[in-house]
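Listed here are the chains, written in short residue letters.
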There are 4 protein chains.
Amino acid sequence: MLNYLAGQWLSDEEATINVKNTGILTGISVYEVLRTYNGLPFAAKKHFERLKKSADYMGIPLPINFDEFLELLLEGVKKNHNSSGEELRIKVILVQSTNNFSEIIVLYEELPKVSSDVYELGVKVGISKFIRPSAALVPSIIKIPGAPWKVLTRKAMGVYYDMLLLNEKGDLCEGTISNVFLIKDEKLITPNIESGILPGITRENVIGLAKAMEIPVEERTVKGWELFTAQEVFLTHTSAGIVPIRKIEDRVYIEDFADGITRILLDNFEGFIMTNESNWEGLSK
Amino acid sequence: MLNYLAGQWLSDEEATINVKNTGILTGISVYEVLRTYNGLPFAAKKHFERLKKSADYMGIPLPINFDEFLELLLEGVKKNHNSSGEELRIKVILVQSTNNFSEIIVLYEELPKVSSDVYELGVKVGISKFIRPSAALVPSIIKIPGAPWKVLTRKAMGVYYDMLLLNEKGDLCEGTISNVFLIKDEKLITPNIESGILPGITRENVIGLAKAMEIPVEERTVKGWELFTAQEVFLTHTSAGIVPIRKIEDRVYIEDFADGITRILLDNFEGFIMTNESNWEGLSK
Amino acid sequence: MLNYLAGQWLSDEEATINVKNTGILTGISVYEVLRTYNGLPFAAKKHFERLKKSADYMGIPLPINFDEFLELLLEGVKKNHNSSGEELRIKVILVQSTNNFSEIIVLYEELPKVSSDVYELGVKVGISKFIRPSAALVPSIIKIPGAPWKVLTRKAMGVYYDMLLLNEKGDLCEGTISNVFLIKDEKLITPNIESGILPGITRENVIGLAKAMEIPVEERTVKGWELFTAQEVFLTHTSAGIVPIRKIEDRVYIEDFADGITRILLDNFEGFIMTNESNWEGLSK
Amino acid sequence: MLNYLAGQWLSDEEATINVKNTGILTGISVYEVLRTYNGLPFAAKKHFERLKKSADYMGIPLPINFDEFLELLLEGVKKNHNSSGEELRIKVILVQSTNNFSEIIVLYEELPKVSSDVYELGVKVGISKFIRPSAALVPSIIKIPGAPWKVLTRKAMGVYYDMLLLNEKGDLCEGTISNVFLIKDEKLITPNIESGILPGITRENVIGLAKAMEIPVEERTVKGWELFTAQEVFLTHTSAGIVPIRKIEDRVYIEDFADGITRILLDNFEGFIMTNESNWEGLSK
């Protein structure tokens with residue numbers, strides 16, 4: 001793969017940065033992860049806006065505008081996708097140098113393939129013993145590398161697809177790579193921003209899809225134990241979309257969700273995101 | 001300066017790492033900052049042990065033992081100190097690569113000089129509006145780069161020497177680069193580990209000095225407002241030792257601490273640390 | 001004094017209730033404390049509405065309407081004030097009986113006199129070590145007897161006029177008998193309802209007075225330590241109105257507030273409340 | 001029934017107290033509830049000691065010693081039990097008068113009968129939306145009337161046998177009238193005192209029974225959601241002993257616990273408490 005770094009397109013081997021001259025080691029960096037569909041960067045505008053919000057919050061100057069951002073993404077796609085035909089995962093990092101100058105790094109890799117079992121059988125998730133601070137303690141919007149609760153949870157992942165984190169009040173937040181949704185009494189319920197979550201682009205699309213299908217949506221604080229009184233639970237994340245949950249901890253959760261709301265959302269998800277204009281802003285398809 | 005990286009001694013300009021192949025970007029790294037006194041690395045054993053604890057907690061394999069660690073420090077000191085005669089600040093970073101292999105990086109720079117005004121007049125500190133989670137929420141021991149409360153507080157520092165952070169209960173924790181001590185009723189009081197602090201080596205030495213001088217020491221939870229009912233308050237950190245505080249926020253704090261306990265501790269600090277064997281373990285002085 | 005109980009006017013000695021037949025012992029009761037000015041019950045409508053809110057929240061039926069409530073108050077004043085000419089303190093208790101029937105009790109006593117020193121010199125207050133839960137934990141509106149933090153704080157009162165309580169986050173709430181206000185940068189600041197306070201009628205009048213005088217008012221979360229960076233601090237409570245604070249803990253606070261905003265509010269307080277129509281609703285003066 | 005009040009034995013109708021002269025209305029009171037087995041007061045010494053601890057904590061003088069306390073209980077039992085042959089529920093209240101003098105009140109009533117369905121089929125419990133503060137916020141030991149979270153939860157009880165409360169961290173505490181136990185991996189797990197519970201005498205006996213039967217016991221913080229990953233859950237309280245739970249919220253919990261550990265404990269409970277000397281201290285059986 002070729003990656004964008006210090007104004008150049010560099011191979012994986014050449015993609016080096018100076019450790020003394022950047023905010024990498026002092027943590028003054030924020031990032032976004034995007035994916036492509038059919039070689040087109042998905043929801044580029046939304047990711048750009050979230051990156052800008054994080055950057056503003058952290059006081060890091062953002063050296064490019066959306067058009068330049070999109071151009072960079074597309075240039076990399078051309079260099080990396082066209083040769084292989086594989087979908088890509090694109091990591092955009094904004095790092096502040098020690099001299100108050102900031103830099104955009106764009107790293108490309110092949111999008112990991114998701115087994116069809118994940119969608120058909122659902123996955124097993126655990127509940128982390130580490131605490132994800134709520135937005136009242138640590139601002140949610142900042143997508144920083146190395147949040148300790150995330151790193152420590154990932155170290156403890158074992159056989160789970162992901163582990164869900166609760167905040168300091170015992171409210172449900174999110175997984176280490178995913179947002180989480182519950183179906184209860186025919187409603188779609190998901191933790192609100194205040195609970196302490198990254199407001200995922202896939203999460204936003206699922207909420208949009210549900211509204212389009214006239215399924216009532218509640219963004220609210222969700223007690224950790226509500227996971228067990230819900231009828232269905234699923235995850236969402238960029239690389240896999242909607243991922244049904246079959247088991248939480250060692251407790252059977254959903255034996256069969258064939259006719260459930262999760263299945264309905266799953267069946268309609270790709271159609272929705274592909275035709276939803278807001279996901280393709282800037283691209284003349 | 002020459003820095004140790006990938007098994008080589010490299011100049012500042014050459015000190016680069018691959019962004020795709022390390023845990024730098026995923027935050028799987030821990031670090032320590034040491035200083036030299038007269039060109040000798042201070043409290044190397046204590047820093048090594050703290051690094052080991054962080055590494056164990058994060059599940060990062062530590063590829064060297066203390067003897068190798070000390071040898072690395074000394075080799076760098078020889079390369080960097082002897083030429084200039086300046087004291088050094090040494091940053092040791094342990095990074096886990098993506099392939100579960102870990103690497104030690106040692107960066108050297110000149111120790112910033114501290115103005116004598118700092119010790120004679122004291123400094124002005126603020127109270128951060130950002131929250132430092134207590135140890136019950138986020139394990140204190142892990143010294144990770146980029147804790148958001150630290151980064152955001154530093155962005156808001158303004159004219160202050162440092163800003164003090166309180167935890168989610170309103171208890172006093174620490175500054176962004178320092179630990180904090182109060183003198184009240186002839187006792188030395190400092191937040192305990194549970195409050196959410198990095199257990200500083202200088203902090204440990206000040207506690208040792210106070211005990212040696214038979215000044216009662218309390219490590220306990222300290223309410224944020226106790227800063228204002230104390231008779232004296234001071235900071236401690238590696239590069240400057242003991243730093244008296246003259247003002248907190250815009251409120252005059254200590255007009256004159258000439259005869260206070262802070263002054264007594266300051267006057268005896270260097271003598272204590274230089275002669276305290278535990279700070280020089282491994283060095284045949 | 002004569003008191004209203006079980007539909008009768010009874011002397012202090014006769015004022016008995018059955019312990020088995022009421023909610024007194026199971027705590028299903030709420031109360032209000034009013035005072036008279038010139039023998040007229042102050043802010044009767046506001047107290048009635050607050051009682052109603054508490055009762056609704058606790059699910060206790062309120063057996064009388066405002067007119068009946070006011071009539072009861074006035075009847076007691078006639079019986080108790082006219083003989084002595086003293087101002088009265090009136091405690092109204094709504095108790096739910098075990099059989100889901102509720103009862104109004106009205107107790108009268110002489111209003112304690114406030115020494116002029118309190119207003120001229122100010123008072124000394126402490127900070128309680130007991131925690132007043134915020135409204136997110138325990139609904140603020142319910143004025144129940146025997147909140148443990150209040151009872152325990154009062155046991156520890158010592159020489160203080162009142163002690164201030166902080167909530168579980170270290171935010172300032174209120175005293176055991178008072179609300180608290182800060183003056184900072186010419187603004188009037190007081191903890192908001194969410195912090196965990198009883199929304200005092202005197203507090204409400206002071207806010208009204210400040211607004212009438214075009215002093216900016218902030219109702220917000222106030223960190224405990226802000227008590228010490230304010231220029232002036234005062235208490236408010238029904239029986240004494242505005243009470244300046246001279247000292248917090250053992251720290252001199254305000255040497256001289258002769259020309260401060262507290263003094264200005266104090267000088268205008270009685271005039272404001274006596275002429276503010278909303279305090280005398282239902283009374284044809 | 002005859003009740004002990006103001007040094008006299010009074011019928012239910014005569015059992016009145018003066019509202020102005022006692023701490024009843026200011027909440028300066030603590031209480032205990034005991035029951036009889038075969039007309040003998042159960043665990044009188046343990047209840048006395050807990051009452052004493054509460055009284056000491058609240059600073060209320062306890063006007064009687066254990067011998068006098070037991071004598072009072074027995075005298076009431078003689079007066080009330082012997083006539084009817086029914087088991088009794090005995091409420092002991094210690095009230096502080098306004099003049100710093102305290103009084104013991106002992107109220108007797110028939111012990112409510114427990115349907116055998118409760119033991120054979122188990123009960124349905126809910127999870128309260130009100131928060132029980134942990135011991136770090138509100139001292140657990142004090143058994144005061146009218147804790148708002150308890151009163152409000154009871155108002156919302158509906159069809160449930162009891163509702164479980166979680167603390168401000170989302171940890172499991174207790175029911176409004178009961179303690180709660182989980183069976184998980186053949187271990188008996190129950191919230192520790194720090195979580196915010198009343199340390200029930202029945203709870204203590206169940207822990208003793210489990211230990212005697214060599215079932216491992218864990219007193220620890222229990223996340224609210226662990227209720228749903230346990231194999232069995234049961235309540236304990238004075239009047240009913242061990243009460244199996246069949247359902248939590250609207251989720252089937254235990255279909256059949258016939259051979260579970262709950263059943264084993266239930267079958268051995270009465271034998272254990274009847275022969276455990278510590279429950280009958282002071283009684284020459």
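Analysis parameters
- Residues numbered from 1 in each chain as written.
- Chains lettered and ligands numbered in written order.
- Predicted model: local features only at pLDDT ≥ 70, side-chain atom pairs only at ≥ 80, totals over all residues.
- Heavy atoms only, no water.
- UniProt positions renumbered as here; feature names shortened; annotations may be inferred.
- Helix = DSSP H or I, 4+ residues; strand = E, 2+ residues; numbered from the N terminus.
- Rg over C-alpha atoms; globule rule 2.2 N^0.38 Å.
- Buried < 20%, exposed > 50% of the residue type's maximum accessible area, 1.4 Å probe, protein only.
- Contact = heavy atoms within 4.5 Å.
- Lys, Arg positive; Asp, Glu negative; His and termini not counted.
- Charge placed at Lys NZ, Arg CZ, Asp CG, Glu CD.
- Least-squares fit on C-alpha atoms with pLDDT ≥ 70 in both.
- Salt bridge = Lys/Arg side-chain N within 4 Å of Asp/Glu carboxyl O.
- Buried area = accessible area lost by both parts, 1.4 Å probe.
- Nonpolar A, V, L, I, M, F, W, Y, C, P; charged D, E, K, R; others polar.
- Domains from an automatic or database assignment.
- Phe/Tyr/Trp six-rings, centres within 6.5 Å; stacked < 30°, edge-to-face > 60°.
- Lys NZ or Arg CZ within 6 Å of the ring centre and 35° of its normal.
- Expected span 1.5 Å × (residues − 1).
- Pairing = 2+ DSSP bridges.
- Polar contact = N/O pair within 3.5 Å; in protein donor to acceptor, adjacent residues only side chain to side chain.
- Axes fitted to C-alpha atoms, helices over the stretch in contact; angles between N-to-C directions.
- Parallel < 35°, antiparallel > 145°, perpendicular 65-115°, else oblique.
- Left-handed = near helix turned anticlockwise from the far one by under 90°.

Per an unreviewed UniProt entry, chain A is named Aminotransferase class IV, and its organism is Kosmotoga olearia. Word for word, the UniProt comment on chain A under Sequence similarities (unreviewed entry) is "Belongs to the class-IV pyridoxal-phosphate-dependent aminotransferase family." Looking at chain A in UniProt, the text filed under Cofactor (unreviewed entry) is "pyridoxal 5'-phosphate".

Caption draft 1: Geometry of the overall build of chain A. Within chain A, the secondary structure is distributed over 6 helices and 16 strands. For 285 residues, the compact-globule formula gives about 19 Å, and the C-alpha radius of gyration of chain A, at 19 Å, lands near that figure. Taken along its principal axes, the extent of the C-alpha atoms in chain A is 50 × 40 × 30 Å. Taking all 285 residues of chain A together, 63% fall into the buried category. Across chain A, the fraction of contacts at a sequence separation of at least 24, relative to all contacts at a separation of at least 6, is 67%. Averaging the positions of the 31 positive and the 39 negative side-chain charges in chain A gives two centres separated by 5 Å.

Caption draft 2: Looking closely at the relation of the copies chain A and chain D. Between chain A and chain D, which share one sequence, the superposing operator has a rotation angle of 180 degrees and an axial displacement of 0.0 Å; the RMSD is 0.0 Å. Here the copies are linked by what is in effect a two-fold axis. Residue by residue, 100% of the interface of chain A is reproduced at the interface of chain D, so both copies engage with the same surface.

Caption draft 3: Up close: the pattern of salt bridges. Scanning the model with the defined rule gives 57 salt bridges over all chains in all. When the shortest N-O distance is used, the salt bridge between A:Glu281 and A:Lys45 registers 2.9 Å. With a gap of 236 residues between them, A:Glu281 in the segment after helix 6 (261-275) and A:Lys45 in helix 1 (residues 44-58) connect regions that are remote in the sequence. Classification of A:Lys45 by relative accessible area gives buried; the value is 19%. B:Lys52 is the partner of B:Asp56 in a salt bridge, and the nearest nitrogen-oxygen pair spans 3.4 Å.

Caption draft 4: Focus on the interface of chain A and chain D. Opposite the 15 residues of chain A that make contact, chain D presents 15 residues. Of the roughly 1300 Å² buried where chain A meets chain D, counting both sides, 58% is carbon and sulfur surface. Among the residues chain A hides against chain D, the three largest losses belong to A:Trp225, A:Phe228 and A:Arg251. Together they make up 46% of the total. Looking at the side of chain A that touches chain D, its residues break down into 7 nonpolar, 3 polar and 5 charged.

Caption draft 5: Up close: the domain arrangement of chain A. Residues and elements named next belong to chain A. By the assigned domains, chain A splits into domain 1 (2-110) and domain 2 (116-275). The C-alpha-based centres of domain 1 and domain 2 are spaced at 26 Å. Tallying the contact residues gives 19 residues for domain 1 and 18 residues for domain 2. Where domain 1 abuts domain 2, roughly 1700 Å² becomes buried across the two surfaces, and 64% of that area is made up of carbon and sulfur atoms. Area buried by domain 1 at its contact with domain 2 is led by Tyr 31, Tyr 37 and Arg 50, which between them contribute 35% of it. We note a salt bridge from Lys 46 to Glu 204, for which the minimum N-O separation is 3.7 Å. Elements with a minimum of two residues in the side of domain 1 that touches domain 2: strand 4 (29-37) and helix 1. Among the elements that make up the side of domain 1 that touches domain 2, the one with the highest residue count is strand 4 (8 residues).

Caption draft 6: Summary view of the packing of aromatic side chains. Per the counting criterion, the structure on display carries 38 aromatic pairs over all chains. Measuring from centroid to centroid gives 6.4 Å for A:Phe228 and D:Trp225, while their planes differ by 15 degrees, and the two rings are stacked. One end of the pair, A:Phe228, is in the loop between strand 13 (217-220) and strand 14 (232-237); the other, D:Trp225, is in the loop between strand 13 (217-220) and strand 14 (232-237), on a second chain. The pair A:Phe228 / D:Trp225 is uniform in exposure class, with both members buried. Three or more aromatic residues joined by ring pairs make a cluster, and in this case those are A:Trp225, A:Phe228, D:Trp225 and D:Phe228. Taking the ring centre of A:Tyr31 as reference, the NZ or CZ of A:Lys91 above it sits at 4.8 Å.

Caption draft 7: Spatial organisation of helix 1 (residues 44-58) of chain D. Across its 15 residues, helix 1 of chain D extends 21 Å between first and last C-alpha, which sits within 8% of the 21 Å expected from 1.5 Å per residue. Two residues or fewer after helix 1 of chain D comes D:Gly59, characterised by a positive phi angle close to 70 degrees.

Caption draft 8: Spatial organisation of the pairing of strand 10 (residues 172-175) of chain C. Residue and element names in this part refer to chain C. When strand 9 (residues 162-166) meets strand 10, the two strands line up antiparallel, connected through 3 bridges. Residue pairing for strand 10: Leu 166 is matched across the bridge by Leu 172. From the end of strand 9 to the start of strand 10, which pair antiparallel, there are 5 residues, and Gly 170 there has a positive phi angle of about 85 degrees.

Caption draft 9: Up close: the environment of C:Gly260. Within the fold, C:Gly260 resides in the loop between strand 16 (251-252) and helix 6 (261-275). Between the C-alpha atom of C:Gly260 and that of C:Ile183, which follows or precedes it by 77 residues, the distance is 8.9 Å.

Caption draft 10: Expanded view of the interface of chain B and chain A. With 43 residues of chain B at the interface, the matching set in chain A holds 43 residues. Together, the buried faces of chain B and chain A total about 3400 Å²; carbon and sulfur atoms form 70% of this surface. Connecting chain B to chain A are 1 salt bridge. Across the pair A:Asp12 and B:Lys20 runs a salt bridge whose closest N-O atoms are separated by 2.9 Å. The interface formed by chain B and chain A contains 16 residue pairs in polar contact (both at pLDDT 80 or more). Those elements that provide at least two residues to the side of chain B that touches chain A are strand 1 (2-5), strand 3 (16-18), helix 1 (44-58), strand 6 (88-96), strand 7 (102-110), strand 8 (123-131) and helix 4 (148-155) of chain B. Broken down by element, the side of chain B that touches chain A gets its largest block of residues, 5 residues, from helix 4 of chain B. Class assignment of the residues belonging to the side of chain B that touches chain A gives a composition of 28 nonpolar, 8 polar and 7 charged.

Caption draft 11: Representation of the relation of the copies chain B and chain A in the model. Mapping chain B onto chain A calls for a rotation angle of 180 degrees and an axial translation of 0.0 Å; the resulting RMSD is 0.0 Å. In this assembly the copies share their binding face: 100% of the residues contributing to the interface of chain B also contribute to that of chain A.

Caption draft 12: Spotlight on unusual backbone geometry. Backbone geometry at C:Glu214 places phi at a positive 60 degrees, although glycine is not the residue there. Along the polypeptide, C:Glu214 turns up in the loop between helix 5 (201-212) and strand 13 (217-220).

Caption draft 13: Here's a closer look at the packing of helix 1 of chain D against helix 5 (residues 201-212) of chain D. Residue and element names in this part refer to chain D. With their axes 11 Å apart at the nearest point, helix 1 and helix 5 run at an angle of 125 degrees to one another. By the angle between their axes, helix 1 is oblique relative to helix 5. You can see that helix 1 and helix 5 cross each other, and the crossing is right-handed. Contacts between helix 1 and helix 5 involve Lys 46, His 47 and Arg 50 from the first element and Ile 201, Glu 204 and Asn 205 from the second. Here the residues of the contact of helix 1 with helix 5 sort into 1 nonpolar, 2 polar and 3 charged.

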